[in-house]
Structures are given as C-alpha cells and as structure tokens.
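In case you want the letters, here they are:
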Amino acid sequence: MAITTVGVIGAGQMGNGIAHVAALAGLDVVLVDVKAEAVAKALSTIGKNLDRQVAKGGIDAGAKDAAMARIQGGTDMSALSAADIVIEAATEREEVKLSIFKQVVPLLKADAILASNTSSISITRLAAATDRPHRFIGMHFMNPVPVMKLVEIIRGIATDDATFEAVQALADKMGKTTAVAQDYPAFIVNRVLIPMINEAVQALQEGVGNVESIDAALKLGAAHPMGPLALGDFIGLDTCLAIMRVLHEGMGDSKYRPSPLLVKHVEAGWLGKKTGRGFYDYSQDPPRPTR
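Residues numbered from 1 in each chain as written. Predicted model: local features only at pLDDT ≥ 70, side-chain atom pairs only at ≥ 80, totals over all residues. Heavy atoms only, no water.

By the naming in an unreviewed UniProt entry, the protein chain goes by 3-hydroxybutyryl-CoA dehydrogenase and is assigned to Teichococcus aerophilus.

Student: Would you mind showing me how to read the side chain of Glu152 here?
Tutor: For Glu152, the location among the structural elements is in strand S7 (residues 150-155). Among buried charged residues, Glu152 stands out as having no salt bridge; its nearest opposite-charge side chain is Arg191, 10 Å away. Among the polar contacts listed, one links the side chain of Glu152 to the side chain of His140, at a separation of 2.7 Å. Among the polar contacts listed, one links the side chain of Glu152 to the backbone nitrogen of Ile188, at a separation of 2.9 Å. Excluding residues within four positions of it along the chain, Glu152 makes contact with Gly138, Met139, His140, Met142, Ala179, Ala181, Phe187, Ile188 and Val189. (Helix = DSSP H or I, 4+ residues; strand = E, 2+ residues; numbered from the N terminus. Buried < 20%, exposed > 50% of the residue type's maximum accessible area, 1.4 Å probe, protein only. Lys, Arg positive; Asp, Glu negative; His and termini not counted. Salt bridge = Lys/Arg side-chain N within 4 Å of Asp/Glu carboxyl O. Polar contact = N/O pair within 3.5 Å; in protein donor to acceptor, adjacent residues only side chain to side chain. Contact = heavy atoms within 4.5 Å.)

Student: How should the nonpolar core be read in this particular structure?
Tutor: One broad trend across soluble globular proteins is that nonpolar side chains are buried collectively. Core analysis: the largest hydrophobic core is formed by 38 residues, its most contacted members being Val6, Ile85, Ile87, Met139, Phe141 and Leu170. The biggest single contributor to this core is helix H1 (residues 13-24), with 6 residues. Apart from residues no more than four positions distant in its own chain, Ile85 is found in contact with Ile3, Thr5, Val6, Gly7, Ile113, Ala115, Val167 and Leu170. Counting 22 residues, the second-largest nonpolar core is a separate cluster that includes Met77, Val104, Ile121 and Ile154. (Core = buried A, V, L, I, M, F, W, Y, C linked by side-chain atoms within 4.5 Å.)

Student: I tried to follow the UniProt feature "domain: 3-hydroxyacyl-CoA dehydrogenase C-terminal" (unreviewed entry) in the protein chain on my own but got confused; where do I start?
Tutor: Feature annotation in UniProt assigns "domain: 3-hydroxyacyl-CoA dehydrogenase C-terminal" (unreviewed entry) to the following positions: residues 187-282. Taken end to end, residues 187-282 has its terminal C-alpha atoms 31 Å apart, with 62% of it in helix and 2% in strand. (UniProt positions renumbered as here; feature names shortened; annotations may be inferred.)

Student: What exactly am I supposed to notice about the UniProt feature "domain: 3-hydroxyacyl-CoA dehydrogenase NAD binding" (unreviewed entry) in the protein chain here?
Tutor: As recorded in UniProt, the sites labelled "domain: 3-hydroxyacyl-CoA dehydrogenase NAD binding" (unreviewed entry) are residues 5-183. What you have in residues 5-183 is 40% helix and 22% strand, and the ends, taken at the C-alpha atoms, are 26 Å apart.

Student: I would appreciate a short explanation of the layout of surface pockets in the present structure.
Tutor: As a volume, the second largest pocket reaches approximately 320 Å³. Lining the second largest pocket are 15 residues, with Asn49, Arg52, Pro144, Pro146 and Val147 positioned closest to its centre. Those elements giving two or more residues to the lining of the second largest pocket turn out to be H1 and helix H2 (36-55). Split by residue class, the lining of the second largest pocket holds 5 nonpolar, 8 polar and 2 charged. (1 Å grid on protein atoms, 1.4 Å probe; cavity = no way out; pocket = protein on both sides within 12 Å on 5 of 7 lines; lining within 4 Å. Points joined across faces, edges and corners; volume = space filled by probe spheres on them. Nonpolar A, V, L, I, M, F, W, Y, C, P; charged D, E, K, R; others polar.)

Student: Just to check I follow, could you spell out the environment of Gln13 for this structure?
Tutor: On the secondary structure map, Gln13 appears in helix H1. For Gln13, a relative accessible area of 47% corresponds to the partly exposed category. Along the primary structure Gln13 and Glu92 are separated by 79 residues, whereas in three dimensions their C-alpha atoms are 13 Å apart. Here the side chain of Gln13 touches Asn143 through a polar contact of 3.2 Å, side chain to side chain.

Student: In this structure, what is going on with the sheet that holds strand S4 (residues 85-88)? I would like to understand it.
Tutor: Across a sheet, paired strands are connected by hydrogen bonds in the backbone, their directions being either parallel or antiparallel. Pairing in this open sheet of 8 strands is mixed, and the strands run S3-S2-S1-S4-S5-S6-S7-S8 from one edge to the other. Taken across any chain shown, the strands that pair with only one partner, and hence form the sheet edges, are strand S3 (71-74) and strand S8 (177-181). When strand polarity is set aside, the average angle formed by the axes of neighbouring strands in this sheet is 25°. Note that S7 and S8 share 5 bridges and pair parallel. When the bridges of S8 are listed, Leu150 appears paired with Thr177. (Pairing = 2+ DSSP bridges. Axes fitted to C-alpha atoms, helices over the stretch in contact; angles between N-to-C directions.)

Student: Can you help me understand the pattern of salt bridges in this one?
Tutor: For side chains bearing opposite charge, pairing can occur when the charged atoms are close. On inspection of all chains with the given rule, the structure shows 12 salt bridges. For Glu94, the salt bridge goes to Arg125, with nearest N and O atoms at 2.7 Å. Taken together, the residues Glu94 in helix H4 (residues 94-104) and Arg125 in helix H5 (residues 123-128) connect sequence positions 31 residues apart. A salt bridge links Arg155 to Asp161, with the shortest nitrogen-to-oxygen separation between them at 2.7 Å. In this structure Arg155 comes out as partly exposed when scored by relative accessible area, which is 26%. Under the relative-accessibility criterion, Asp161 is labelled partly exposed at 47%. A cluster of three or more residues bridged by salt bridges with shared partners is formed by Glu88, Glu92 and Lys97.

Student: How should I be thinking about the packing of helix H10 (residues 237-251) against helix H11 (residues 260-268) in this particular structure?
Tutor: Angle between the axes and distance between the axes are the two parameters that describe a pair of packed helices. Here H10 crosses H11 at 130°, and the two axes come no closer than 9 Å. Judged by the angle between their axes, H10 and H11 are oblique. Two packed elements cross with a definite hand, and for H10 against H11 that hand is left-handed. Residue-level inspection shows Leu237, Asp238, Cys240, Leu241 and Arg245 of H10 in contact with H11, the latter providing Leu262, Val263, His265 and Val266. Across the contact of H10 with H11, the residue classes break down as 6 nonpolar, 1 polar and 2 charged. (Parallel < 35°, antiparallel > 145°, perpendicular 65-115°, else oblique. Left-handed = near helix turned anticlockwise from the far one by under 90°.)

Next comes the structure, spelled out in structure tokens:
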C-alpha cells in the first residue's frame, strides 16, 4: 500500500513533530485538533523548527516552503477522509484515544491504516475498539520527533503483514530507524526508561541525593545526556506517571509501583517543563532544582 497522505490527530508536541517530518518527507499532511489555537500554535512551531533546520544547513529555504505548503490544519475530522494513514497523537489516556477512534473511524477510507503514537497502551486492546484491527498498528515516535531517529513499531495480535510493511516503509521515508516491539506494556523504550526515572524520583524521596546530585550522577557516571529528573520534566511527569500505572497494572509487579513523590507532583500540577515547574523551576534561567 502506497502512503501519500498522512493524517495526524493532536497538534501538541508529538503531533506537530510527526506532521513536520511527514511534510518534509514529501507527504501531504492533514493535522487536526479539537482546538483551533492548538493547530495555529503547531503550524507556527513547525515553521520555526524548519527555519532552525535551514539556519543549520540541514535543508534549504525551498524545502521549508514546500513542507509548509503540504500541511493542512484544522478542527474538522472529516478532513481525514482522504488520508491513507491516520496517526493518533493525543494525550496518553486510553479513554481519550478510544473516544477519538470512535469519532474518526466512520470518516476513514475502507483501506486506511490507523496508528497510535501511544507510548505504553496495548495496541491489541485499542485496535479491538475499531472496525479495522488488521489495519491498526503502534507507531511510537520519540520526542522531539524532528531530532530523534527512532520509531518503535508495535504490531497488535491482529495487525496484518501489509499494514506492518506499509508503516515500516513510511518510517523509512520519514528518515527514521525502526525498532519492532512486541505488544507488552510500555513496549521497549519506556519499559526500560520510565522505571529508571521513577527510581530516580524514589531515590530523591528517600533522601539518597538531591535533584542536582542525582542528575549529575547519571550524566557523569553513566554518560547520559540528561539526568533522569530533568528528563522526566521534559517528557512530562503526568506522562511518566501514566506509563508507570500501565506497567504496574499490566505486569502486576510491585517493582513498577509509581513513586509517591511522582504522584504528588502530578497532583500538584507540577508536571515539568510544560507547566513551568517539576523537579526544576523553569521560571529561572538556568532552571533551579526544586528539592
């Protein structure tokens, strides 16, 4: 199956990044969000990120203009009817994703592929709520999408070979390297990464070290480019908590219990960089550790 038009649902950080790389790869893009202001912000962000690539010599100005011209943004889901694949990039809450699929499925072409950018939720379970489990797949991009090379591809139990091959080819066209993951809670990257962040939060709670020392230890002692607490803030502590809960429920193992301190931060609305406060205070430059 040849994919020439990509639909993206959700104009947030992940959605605008997916739209960016798809358009730059020569694909027509339909970017849809329930909020018109989110779409406008996404288009502005894509333009700025493309300008950054031009300034660094990665692309020329003509490629930037052509990419922007390929993106159609709006709030009407019926615009997705022309898409060969629709990638859902909404918040990491299963009920939100299922609601979106219920709305969009009747609008799609019979042979259109549905993909979810979920970072942890069962692809098989999401697929079963649609009319096309054989044409449903997980396509988990890394953040920030224009920079990170990896895409995890996750087949549900019903995903057919044609769908898998089409999505593999799409990822290649977008310039991504793929890792095929089985449909287990949190797949590969977050199965390993998020419990590490959770353990760093637990170490902070227990007073093993403060924010600065824990992040410095992992940066300098394990050659990580970013400390685990700073990374949690970057990902979003609400997302980290949601993934830990999926792991805890799906695996039934106490080692995946979310740290109480992580829960408290989310309850307080201290979700990290996107809210201006998490384990760091982003109202200052450079950000100041909060503990």
